[in-house]
Amino acid sequence: MSFGYAILGFGSGGKSPLVLNISSNTSNYNVLTAANAAGYDAPSGQSIVVNVASGVTVSGSGTYAMRTGAINAASPLTINVDGNIDGFTGSNGSAGRPGSAGGTGGDAIYWESSTPYTGVGIVNISSSGKVRGGGGGGGGGGLGQIRQGLGYDGIKNDPVCGAAPNTQGSTGSTGSAGGFGAAGSGGGSGGGAPGSCPVVTGAGSGGPGGAAGYAIRKNGRTVTVNSSGTINGTVG
């Protein structure tokens, strides 16, 4: 790693830091799970250092790209990012009256250490590093207006509303998903039905776009972020 930042040293129990190197693409990375597999000494409050190598992407698939897991509240944790940590894009909403909202994007880093967190949390993002919350999904389009259909009676062949199948307007467009750290756009409203007969059902409005995921969700923990790279999304 090429950081100019200090890396946390020994934990409260005096043990050497446990170093976890991520050198190939992976998804839904759980620090606690990986640490336990590598011999993490939780009772001692052992320090953990996670290194994401340049060119490597840690991605989310339906959940956080990287989560700390409930590590010991006294364990210092440093995450060094030379590669990418990317949250997933929220799903698009469905058409309806109104259209449904787009899904919320996934968080890139989700801090969930045991509380009260007395360890020191640090995220170092190098010039090549990127930590990006997932974009929100686009809102669903509104369904079109419905009118009675215009038909004709069987005697005088006069036009009669309701004597033919209802007509319906077009469904509004689905909103666009947001890019990293951005909310999705809302869906379009449904179109008007053709004709001049009475309206049976009004057009639906489009659903709102989904919110973006956090770049780093601290959940009330004290976490210092040092960055000379890219952060897309909320840190907080």
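Residues numbered from 1 in each chain as written. Predicted model: local features only at pLDDT ≥ 70, side-chain atom pairs only at ≥ 80, totals over all residues. Heavy atoms only, no water.

Trainee: What's the story with the overall build of the chain in this structure? I'm lost.
Mentor: Each helix and strand counted, the chain has one helix and 17 strands in total. Here the C-alpha radius of gyration of the chain, 26 Å, is well above what a compact globule of 236 residues would show, namely 18 Å. In terms of its C-alpha atoms, the chain occupies a principal-axis envelope of roughly 100 × 35 × 25 Å. The 236 residues of the chain split such that 44% are buried. Pairs at least 24 residues apart make up 76% of the contacts formed inside the chain by residues separated by at least 6 positions. When the 10 basic and 7 acidic side-chain charges of the chain are each reduced to a single mean position, those positions are 4 Å apart. (Helix = DSSP H or I, 4+ residues; strand = E, 2+ residues; numbered from the N terminus. Rg over C-alpha atoms; globule rule 2.2 N^0.38 Å. Buried < 20%, exposed > 50% of the residue type's maximum accessible area, 1.4 Å probe, protein only. Contact = heavy atoms within 4.5 Å. Lys, Arg positive; Asp, Glu negative; His and termini not counted. Charge placed at Lys NZ, Arg CZ, Asp CG, Glu CD.)

Trainee: Would you explain the confidence of the model for the chain in this entry?
Mentor: Any region with low pLDDT has predicted coordinates that should not be read closely. Residues with a pLDDT of 70 or more make up 94% of the chain, whose mean pLDDT is 94. Under a pLDDT of 50 for its full length, residues 1–10 has, in the predicted model, 35 contacts with residues more than four places off or in other chains. (pLDDT = per-residue confidence, 0-100.)

Trainee: Please explain the sheet that holds strand S3 (residues 29–30) as it appears in this structure.
Mentor: Two pairing modes exist for strands in a sheet, parallel and antiparallel, and in both the strands are linked by backbone hydrogen bonds. Spatial strand order, S3-S6-S9-S15: four strands in an open sheet with parallel pairing. Two strands close off the open sheet at either side, each with one partner strand: S3 and strand S15 (216–217). (Pairing = 2+ DSSP bridges.)

Trainee: It is not clear to me how the pattern of salt bridges should be interpreted in this structure. Could you clarify?
Mentor: Pairing between side chains of opposite charge can happen when their charged atoms approach one another. For the structure on display, the rule yields three salt bridges. The residue Asp86 makes a salt bridge to Arg132 at a minimum N-O spacing of 2.9 Å. Of the two residues, Asp86 sits in strand S8 (residues 84–86) while Arg132 sits in strand S11 (residues 130–132), which places them 46 residues apart along the sequence. The pair formed by Asp86 and Arg132 is uniform in burial state, with each residue classed as buried. Between Arg217 and Asp107 there is a salt bridge, and its shortest N-O distance comes to 2.5 Å. Pair noted here: Arg217 is in strand S15 and Asp107 is in the loop between S8 and strand S9 (109–110), with a separation of 110 residues, a long-range link. Judged by its relative accessible area of 24%, Arg217 is partly exposed. (Salt bridge = Lys/Arg side-chain N within 4 Å of Asp/Glu carboxyl O.)

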